[in-house]
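Chain by chain, the residues:
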Amino acid sequence: MAVSGVRSGLRGRIRRAVAVGACVAAVGLVPSTALATPGSGVSGTILAKGTSDDGLKIKTRGRTDVVVRTITVEPGGSTGWHYHQGELIAVVQSGTLTRTMHDCSVETTTAGKSFVEPAGPHHVHIGRNLGTEPVVLYVTYLLPEGAPLSVDAPDPGCDV
């Protein structure tokens, strides 16, 4: 009788544990939006979307100005040689942007792609539109407070 009572008590505890586990699992299956409060009076427009093939890593220090800007480079146009005092993230909305970097390497970014430009005078570059349609960029700058959007620089010897 004692062994039977122990088994009976053990079965009862197991049943309770299974019931509690089932309840916990059921709560986990309830959509989380049921617990959220619905928004109202808010709308948004995606201005540009681009995919970064290499991932993104951005880091700033101190007070940072965040500037979002649209840039259009007409066919045959160029940004001129320059650098940025902070990093920027760019999305090519349309056209193809050809950038020549400080080491004279060339990077081409097509519509729907994005890139990061690192900060500092050792990252001089020029952006050109070698195509027949305007290049439209959406650029987010992360600059030290008060810094200009770009700083003009001489051609590092790439003769572009």
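Note that the structure is a prediction, hence the values are computed from the model and not measured.

Another point: the environment of T110. Residue placement: T110 occurs in strand β5 (residues 106–110). Judged by its relative accessible area of 37%, T110 falls in the partly exposed class. For T110 and V92, which are 18 residues apart along the polypeptide, the C-alpha to C-alpha distance reads 6.3 Å. Apart from the residues within four sequence positions on either side, T110 is in contact with V92, G95 and T96.

Here we come to the pairing of strand β8 (residues 135–144). Walk down a regular strand and you will see the side chains alternate between the two sheet faces. Along β8, 8 of the 10 residues are buried, which leaves the element largely enclosed by surrounding structure. Judged from the 10 bridges that link them, strand β1 (residues 64–73) and β8 form a sheet pairing that is antiparallel. Bridge pairing links T70 to Y138 in β8. Where strand β3 (residues 87–94) and β8 come together, 7 bridges link them in antiparallel fashion. Paired with E87 across the strands is L142, a residue of β8.

Under the definition given, this model contains 4 salt bridges. The residue K113 makes a salt bridge to D53 at a minimum N-O spacing of 3.1 Å. Of this pair, K113 sits in the loop between β5 and β6 (114–117) while D53 sits in the loop between α1 (2–29) and β1, placing them 60 residues apart in sequence. For K113, a relative accessible area of 29% gives the class partly exposed. The exposure class assigned to D53 is exposed, which follows from its relative accessible area of 61%. A salt bridge links R99 to E107; the shortest N-O distance between them is 2.7 Å. Given a relative accessible area of 2%, R99 falls into the buried group. Overlapping salt bridges bring together R99, E107 and E117 as one network.

Reading guide: rules and limits
- Residues numbered from 1 in each chain as written.
- Predicted model: local features only at pLDDT ≥ 70, side-chain atom pairs only at ≥ 80, totals over all residues.
- Heavy atoms only, no water.
- Helix = DSSP H or I, 4+ residues; strand = E, 2+ residues; numbered from the N terminus.
- Buried < 20%, exposed > 50% of the residue type's maximum accessible area, 1.4 Å probe, protein only.
- Contact = heavy atoms within 4.5 Å.
- Pairing = 2+ DSSP bridges.
- Salt bridge = Lys/Arg side-chain N within 4 Å of Asp/Glu carboxyl O.

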